[in-house]
Amino acid sequence: MSAASCLRSEDQFLCSICLDVFTDPVTTPCGHNFCKNCINEHWNSDDQYLCPMCKEVFYGRPDLKVNTFISEMVSHSSEQQAAKPGEVPCDVCTGTKLKALKSCLVCLTSYCETHLEPHLTALGLKRHQLIDPVENLEDRMCMKHDKPLELFCKTDQTCVCMLCSVLDHKTHEFVPLKEEYEGKKAELGKTEAEIQEMIQKRRLKIQEIKHSVDLSKEAADREKAEGVQVFTALMESVERSLNELIETIEEKQRTTEKQAEDFIKELEQEISELKKRRSEVEKLSHSEDHLHLLQNFPSLKAAPPTKDWTEVSVRPSYEGTVVKAVAQLEMTLRKQMKKMFEAELKRIQQYAVDVTLDPDTAHPQLILSDDGKQVNYGDVKKNLPDNPERFSNCCCVLGKQSLSSGRFYFEVQVKGKTKWTLGVARESINRKENIPLSPEDGYWTICLRNGNEYSANNSPPVCLSLKSRPQKVGVFVDYEEGLVSFYDVNTADLICTFNNRSFTEKLHPYFNPCPTDDGRNSTPLVICPVNNTE
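What counts, and at which threshold
Residues numbered from 1 in each chain as written. Predicted model: local features only at pLDDT ≥ 70, side-chain atom pairs only at ≥ 80, totals over all residues. Heavy atoms only, no water. Helix = DSSP H or I, 4+ residues; strand = E, 2+ residues; numbered from the N terminus. Rg over C-alpha atoms; globule rule 2.2 N^0.38 Å. Contact = heavy atoms within 4.5 Å. Areas by Shrake-Rupley, 256 points an atom, 1.4 Å probe, with all protein chains shown as cover. Lys, Arg positive; Asp, Glu negative; His and termini not counted. Charge placed at Lys NZ, Arg CZ, Asp CG, Glu CD. Buried < 20%, exposed > 50% of the residue type's maximum accessible area, 1.4 Å probe, protein only. Pairing = 2+ DSSP bridges. Axes fitted to C-alpha atoms, helices over the stretch in contact; angles between N-to-C directions. Parallel < 35°, antiparallel > 145°, perpendicular 65-115°, else oblique. Left-handed = near helix turned anticlockwise from the far one by under 90°. Salt bridge = Lys/Arg side-chain N within 4 Å of Asp/Glu carboxyl O. Core = buried A, V, L, I, M, F, W, Y, C linked by side-chain atoms within 4.5 Å.

A. Quick look at the overall build of the chain. A tally of helices and strands in the chain yields 9 helices and 24 strands. Taking 2.2 N^0.38 as the reference for a compact globule, 534 residues should give roughly 24 Å; the C-alpha atoms of the chain span a radius of gyration of 54 Å, well beyond that estimate. Counting only C-alpha atoms, the chain reaches 185 × 95 × 40 Å along its principal axes. Across the chain, contacts joining residues at least 24 apart in sequence account for 55% of those joining residues at least 6 apart. As presented, the chain carries roughly 34,500 Å² of accessible surface, and 53% of it is formed by carbon and sulfur atoms. Between the centroid of the 67 positive side chains of the chain and the centroid of its 83 negative side chains there is a distance of 5 Å.

Encoded structure:
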């Protein structure tokens, strides 16, 4: 049987009455097929029962049988969907173009399931190369020789036909398309694996960021709660101080008013007595009785004894009341702030790291302890290798530990010293020349000079006014926030903060014990263990 005869004609699935695909196909006694509704309507409109195809006349309305074969074929055909926009259509279908199932690289034709059948059954067609349906099959032909692109030119990295390999590319290296395909497919597999790994890493990073956001939210909630608690206490303290101030002023006013009332009462009593005496004097002065006037004159010639009111006054003393109240409030606030600073320092101390000095960075004149925890200035310059990490001019040393993310904290004892410099430095700082200690040059440090002169090394340096001389200095770095802060560990006071906004490379602890100053500054800088117990 020929391949063509194997193809089922699409007309076999069409009703000869409605010329559409069968719906409920039935067979007449003469063997022809129609839609059940179509043949019934045809007979209902005619006087006789006539087959529309062969014109056979039936005497009496025939009994119609369901054609199960055609029903199944129609159902199977309906499962093959018409090609949608963007899908490859069958090149053989006439009328409605069904979706192609495969494309043949030999025939350069795309086939639906029905029209593909010969390629699956016919011996000659079974040798053809079938692929998933693709458009523009002509692009798979050599434009110059009109031959299939079957080889890959490794020299020019392009697909060529057999004629290309012996004409235009005859000196080049070739491999079959399938071989190159397998190689490229393996590369794509590797690329896919790499991309998948990148995707996984980014998903993990997303989880990490989300977790950081959650932690940040928790921290923010804690900070807000603590802020509300602290400021509520402060406001209550201010309100309490204000009420006490008002009560004090009002009490003084009440005292003043009572004193004034007593004075007025006493004055009014004296006025009453004076009026009485004036009346007696006036009466006696008008008397015509010589003897009576003379007898009473001694007792009435002088005013009655009264209080000397010259220096008496009512002067309310409010001066200094508000100042005293503010001073008392300031003392209360200082106590509250001290508690807050102590709590803040406790939180910061949880980021403590075990810092040790890096001998490979130490200036040859510095003396480091064996445990890497102490450094002081020596009188003799040692003969050490001048490696790239070592400071050549500045007598300083870096810590081994570095920070490129997160936070870290360490404490250094400076007790007994008259000079020192402490802080952190960028890893890329110039170690062979004298460079200004400023953030612009990669240093975030504070220093002591002349025993009591503290400053933050900025451009220009900023003098620091401290309440007391720190015995131990805490250094805290928040890499993401770009902050470097210094604390007086014993008082929990914040000495100063550098706000760099952002860091771009690793940071190392920085130490400079400074020259001995004729023995007055011979005490070493000592890295101390952090005691952050409550």
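Having seen the model, we can carry on.
B. Structural view of the pairing of strand S13 (residues 374-377). Alternating residues of S13 divide into Val-375 and Tyr-377, all buried, and Gln-374 and Asn-376, none buried. Note: strand S12 (residues 366-368) against S13, 3 bridges, orientation antiparallel. Bridging across to S13, Leu-366 finds its partner in Tyr-377. As consecutive antiparallel partners, S12 and S13 are separated by 5 residues, and within that stretch Gly-372 has a phi angle of approximately 70 degrees, a positive value. For S13 and strand S24 (residues 525-528), the ladder comprises 2 bridges, and the chain directions are antiparallel. If you follow Gln-374 over to S24, its bridge partner there is Val-526.

C. Broad picture of the packing of helix H7 (residues 177-285) against helix H8 (residues 290-300). Between H7 and H8, whose axes approach to 10 Å, the crossing angle comes to 155 degrees. Taken together, H7 and H8 sit at an angle that is classed as roughly antiparallel. Both H7 and H8 take part in a crossing whose hand is left-handed. Residues Arg-277, Glu-280, Val-281 and Leu-284 of H7 lie in contact with H8, whose contacting residues are His-292, Leu-293, Asn-296, Phe-297, Ser-299 and Leu-300.

D. Expanded view of the pattern of salt bridges. One pass over the full model with this rule turns up 25 salt bridges. The closest approach of N and O atoms between Glu-87 and Lys-99, which form a salt bridge, is 3.8 Å. Taken together, the positions of Glu-87 in the loop between helix H3 (68-79) and strand S6 (102-104) and Lys-99 in the loop between H3 and S6 put the pair 12 residues apart, joining distant regions of the chain. The exposure class of Glu-87 is partly exposed, given its relative accessible area of 23%. Given the relative accessible area of 40%, Lys-99 is considered partly exposed. Across the salt bridge formed by Glu-208 and Lys-205, the nearest N and O atoms sit 3.2 Å from each other. Residue Glu-208 and its partner Lys-205 are located together in helix H7, separated by 3 residues, close to a single helical turn. When its relative accessible area of 44% is taken as the criterion, Glu-208 is described as partly exposed.

E. Inspection of the sheet that holds strand S15 (residues 407-413) at higher detail. Read across the open sheet, the 7 strands follow the order S12-S13-S24-S15-S20-S21-S22; overall the sheet is antiparallel. The two strands at the open ends of the sheet, each matched to only one other strand, are S12 and strand S22 (493-499). For this sheet, the mean inter-axis angle between neighbouring strands, taken without regard to orientation, is 20 degrees. Contacting S15, strand S20 (472-478), strand S21 (483-488) and S22, helix H9 (residues 321-349) runs over the sheet at an angle of about 110 degrees to S15.

F. Examining the nonpolar core more closely. Ranked by internal contacts, the top residues of the largest apolar core, which has 36 residues, are Trp-420, Ile-446, Phe-486 and Phe-511. Judged by nonpolar contacts, the second largest core, of 12 residues, contains Phe-34, Ile-39, Trp-43 and Leu-64.

G. Just unusual backbone geometry, in detail. In this model, Ser-459 is joined to Pro-460 through a cis peptide bond whose omega is 0 degrees. Looking at where Pro-460 falls in the secondary structure, it is placed in the loop between strand S18 (453-456) and strand S19 (462-464). Its identity as a non-glycine residue notwithstanding, Asp-517 has a phi of 55 degrees, on the positive side. Within the secondary structure, Asp-517 is located in the loop between strand S23 (507-512) and S24.

By themselves, these are just geometric observations and shouldn't be taken as functional.
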